[in-house]
Amino acid sequence: AQTMFQSSAAGVISLIRDRETDFSKELFVAPVSRYGIVLGKIIGESFVSLVQGVGIVAFGLIIGVPITLAALAAMAPVAFASALLGGAFGILVLGNVREQRTTAQLFPFVIFPQFILAGVFNPIKDLPPVVEWLSRITPMSYPVDLMRGVFYYGAPEASLAVVRHPLVNAAVMLALFFAFLLAGTWLFIRKERER
């Protein structure tokens, strides 16, 4: 989930390159909704990130992670939803920057702390109140926890690994996706008009 989120978020950086080469001006004069264009970019980057997801699963199988076909089938939609949320988050970040250099400096700053706060490499149960609050406002924490919920579904370890109910994670991810998509697209288009 972390790989899909990060890959898709980083993939939409090409919109900044399109802005710098004036390709986005040509794109946004098309008789198509600008939200549709940005949504298409997010979906395209989500499919691209699926290739990395396949690589992660292959690596997991090589090192002996016990993944069944049923678990893979259940995790696939979560992986795609993680990529969609990451792409929408990337659009929100890009809506606030003007050039690719700034984006390259800003993205690690907003992505890497999420690895820790989302519990990618460490457990996030029983955190101090301030860190728990930061974890709750970290967008990446919801797809990571949802992926854990799907992977550990029915296993006795689920209560130790999963923080929130999967439906809560899914609902928050859906709300964040639309909030990021709408706000990010509006900010990005506003920057286009200011040029």
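Before any of the text, the structure's been laid out above.
Before going further, it helps to spend a moment on the overall build of the chain. Looking only at helices and strands, one finds 10 helices and zero strands in the chain. For the chain, the C-alpha radius of gyration of 17 Å lies close to 16 Å, the compact-globule estimate for 195 residues. For the chain, the spread of C-alpha atoms along the three principal axes comes to 55 × 40 × 25 Å. The buried share of the chain, reckoned over its 195 residues, is 42%. Across the chain, contacts joining residues at least 24 apart in sequence account for 80% of those joining residues at least 6 apart.

Let us look at a nonpolar patch on the surface. A surface patch of nonpolar side chains, about 530 Å² in accessible area, is lined by Tyr-35, Leu-174, Phe-178, Leu-182 and Trp-186. Looking at which element gives the most residues to the nonpolar patch, the answer is helix α10 (residues 166–194), with four residues. Looking at where Phe-178 falls in the secondary structure, it is placed in helix α10.

A separate point is the packing of helix α1 (residues 2–11) against helix α5 (residues 69–94). Running from N to C, α1 and α5 cross one another at 35°; their axes reach a closest spacing of 7 Å. In terms of crossing hand, the pair formed by α1 and α5 is right-handed. Where α1 abuts α5, its residues Met-4, Phe-5, Ser-8 and Ala-9 lie against Ala-79, Ser-82, Ala-83, Leu-85, Gly-86, Gly-87, Phe-89 and Gly-90. In terms of residue class, the contact of α1 with α5 is built from seven nonpolar, five polar and no charged.

Moving on: the environment of Arg-136. Examined against the element boundaries, Arg-136 turns out to sit in helix α7 (residues 129–136). Put simply, Arg-136 and Ala-183 are 47 residues apart on the chain and 20 Å apart in space, counted from C-alpha to C-alpha.

This brings us to the pattern of salt bridges. Tallying each qualifying case throughout the model produces two salt bridges. Linking Lys-41 and Glu-45 is a salt bridge whose minimum nitrogen-to-oxygen distance equals 3.2 Å. With Lys-41 and Glu-45 both in helix α4 (residues 34–62), this residue pair falls four residues apart, about one helical turn. With relative accessibility at 14%, the residue Glu-45 sits in the buried group. The partner of Arg-136 in a salt bridge is Glu-132, with the nearest N and O atoms 3.0 Å apart. Taken as a pair, Arg-136 and Glu-132 lie in helix α7 at a separation of four residues, close to a single helical turn. Look at Glu-132 and you get partly exposed, because its relative accessible area is 32%.

For the structure on display, the rule yields seven aromatic pairs. Between the aromatic rings of Phe-112 and Phe-115, the centroid separation amounts to 5.4 Å while the plane-to-plane angle is 80°, which identifies the pairing as edge-to-face. Of this pair, Phe-112 and Phe-115 both sit in helix α6 (residues 100–117), separated by three residues, roughly a single helical turn. Feature note: the residues Phe-5, Phe-89 and Phe-180 constitute an aromatic cluster, connected by ring pairs.

Moving on, we come to α4. Taking 1.5 Å per residue, 29 residues should reach 42 Å; α4 reaches 43 Å between its end C-alpha atoms and fits that length. For α4, the full list of buried residues reads Ile-37, Val-38, Ile-42, Glu-45, Ser-46, Ser-49, Gly-53 and Gly-60. With its phi angle positive at about 95°, Gly-64 sits one or two positions after the end of α4.

Bringing the nonpolar core into the picture now. Counting residues in hydrophobic clusters, the biggest one holds 38 residues, and the most contacted among them are Ile-42, Leu-94, Phe-107, Ile-111, Met-140 and Phe-177. The dominant element in this core, judged by the number of residues it contributes, is α5, at 12 residues.

The next subject is helix α8 (residues 141–151). Taking burial as the measure, the 11 residues of α8 include nine buried ones, the bulk of the element. Those residues of α8 that fall on the buried side of the exposure criterion are Ser-141, Tyr-142, Pro-143, Val-144, Asp-145, Leu-146, Met-147, Gly-149 and Val-150.

Basis of the calculations
- Residues numbered from 1 in each chain as written.
- Predicted model: local features only at pLDDT ≥ 70, side-chain atom pairs only at ≥ 80, totals over all residues.
- Heavy atoms only, no water.
- Helix = DSSP H or I, 4+ residues; strand = E, 2+ residues; numbered from the N terminus.
- Rg over C-alpha atoms; globule rule 2.2 N^0.38 Å.
- Buried < 20%, exposed > 50% of the residue type's maximum accessible area, 1.4 Å probe, protein only.
- Contact = heavy atoms within 4.5 Å.
- Patch = residues over 30% accessible without salt bridge, like charges linked within 9 Å, V, L, I, M, F, W, Y side chains within 5 Å.
- Areas by Shrake-Rupley, 256 points an atom, 1.4 Å probe, with all protein chains shown as cover.
- Salt bridge = Lys/Arg side-chain N within 4 Å of Asp/Glu carboxyl O.
- Axes fitted to C-alpha atoms, helices over the stretch in contact; angles between N-to-C directions.
- Left-handed = near helix turned anticlockwise from the far one by under 90°.
- Nonpolar A, V, L, I, M, F, W, Y, C, P; charged D, E, K, R; others polar.
- Phe/Tyr/Trp six-rings, centres within 6.5 Å; stacked < 30°, edge-to-face > 60°.
- Expected span 1.5 Å × (residues − 1).
- Core = buried A, V, L, I, M, F, W, Y, C linked by side-chain atoms within 4.5 Å.

By themselves, these are just geometric observations and shouldn't be taken as functional.
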